[in-house]
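# Structural overview
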Amino acid sequence: MFLSGATLTLVLLSCGLGGCGGKVENPSSSTTSGANSSSHGADSTSGPASTSGTPTASGDSGGASTGSASSTCDLPAAIQQGLLDRWNAAVSVAAEQVDFGWSKCDEFAHPTLKGGTVEAYVDFAAVLLQFFQAGDDFTFLAQNQLFTTQLVYATPSGQIGLVMTFKELATQVASGTSLFEDAPPATRSAIAMYLAEMN
């Protein structure tokens, strides 16, 4: 396992010297592992709806292109707020034990930052699926080119501690990396269907 200095600093700040329940690893790892069969949160049987030609309902970009935005903090204000509002609505509906609310563009609620426990990763997978399934959220992500926009967590000192994208998160959940090995298979399979639509 290799962690960069910034990530290691973040892990130590978030979890202390004892670590995060043994679940902290390089966020870009793609190791595959097994999973249990418990179910969580969202209906994990439905996949993505087609994203071609579907207008965004709320958070419409008004034609603004976001393909060049490198992080959520670089997005136009309406799109940034629409993204956070949609994410937080999914958090509320999923009603998991760990709170993954996202209040500032540079404070994405990755499960490593929520204790890094098995429960945090399982709950996060449920929230991510709920987010993809809710209303036209997936279409909103596609139309605003947000699958590869960086989701950033900055430490209180302003140092970037964690960077991830929705596509990377979906890849990790779908493949059942050791971080998400305990996410229900149905959740991982449903997220895999959304991941296929991101390519």
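Each remark here, short or long, concerns the structure printed above.
One structure accompanies this document, and this report is about it.

Reading the values: rules and limits
Residues numbered from 1 in each chain as written. Predicted model: local features only at pLDDT ≥ 70, side-chain atom pairs only at ≥ 80, totals over all residues. Heavy atoms only, no water. Helix = DSSP H or I, 4+ residues; strand = E, 2+ residues; numbered from the N terminus. Expected span 1.5 Å × (residues − 1). Disulfide = S-S within 2.5 Å. Buried < 20%, exposed > 50% of the residue type's maximum accessible area, 1.4 Å probe, protein only. Axes fitted to C-alpha atoms, helices over the stretch in contact; angles between N-to-C directions. Parallel < 35°, antiparallel > 145°, perpendicular 65-115°, else oblique. Left-handed = near helix turned anticlockwise from the far one by under 90°. Contact = heavy atoms within 4.5 Å. Nonpolar A, V, L, I, M, F, W, Y, C, P; charged D, E, K, R; others polar. Phe/Tyr/Trp six-rings, centres within 6.5 Å; stacked < 30°, edge-to-face > 60°.

### Observations concerning helix 3 (residues 118–133)
Turn by turn, an α-helix covers 3.6 residues, leaving residues three or four places apart pointing in a common direction. When the terminal C-alpha atoms of helix 3 are compared, their 23 Å separation across 16 residues agrees well with the 22 Å that a helix rising 1.5 Å per residue should span. Note on helix 3: the residue one or two positions beyond its end, G135, has a positive phi of about 45°.

### Some remarks on the state of the cysteines
Applying the stated criterion across every chain, the model contains one disulfide. The disulfide that involves C73 links it to C105, with 2.1 Å between the sulfurs. Given an S-S torsion of about 100°, the disulfide between C73 and C105 has right-handed geometry. Taken as a pair, C73 in the loop between helix 1 (5–15) and helix 2 (77–94) and C105 in the loop between helix 2 and helix 3 lie far apart in primary sequence, 32 residues in all. Residue classification places C73 among the partly exposed residues on the basis of a relative accessible area of 32%. Here C105 falls in the buried class, since its relative accessible area comes to 16%.

### Observations regarding the packing of helix 5 (residues 166–175) against helix 6 (residues 185–198)
Relative to each other, helix 5 and helix 6 sit at 140°, their axes nearing to 8 Å. Classified by the interaxial angle, the pair formed by helix 5 and helix 6 is oblique. Two packed elements cross with a definite hand, and for helix 5 against helix 6 that hand is left-handed. From helix 5, F166, K167, A170, T171, V173 and A174 reach across to helix 6, where they touch R188, I191, A192, L195 and M198. Looking at side-chain class alone, the contact of helix 5 with helix 6 contains eight nonpolar, one polar and two charged residues.

### Examining the environment of V122
Topologically, V122 is positioned in helix 3. Residue class for V122 comes out buried when judged on its relative accessible area of 8%. Expressed as a C-alpha distance, the spacing of V122 and E96, which sit 26 residues apart in the sequence, is 9.3 Å.

### Focus: the packing of aromatic side chains
Where two aromatic rings form a pair, the distance of their centres and the angle of their planes describe that pair. As enumerated under the stated definition, the model contains 18 aromatic pairs in all. A centroid spacing of 6.2 Å and a plane angle of 90° characterise the contact between F108 and F166, whose relative ring orientation is edge-to-face. Of the two residues, F108 sits in the loop between helix 2 and helix 3 while F166 sits in helix 5, which places them 58 residues apart along the sequence. Considered together, F108 and F166 belong to a single accessibility category, that of buried residues. An angle of 40° between the planes, with centres 6.2 Å apart, marks the rings of F124 and F180 as tilted. A residue pair is termed long-range when its members are at least 10 positions apart, and F124 in helix 3 and F180 in the loop between helix 5 and helix 6 qualify at 56 residues.

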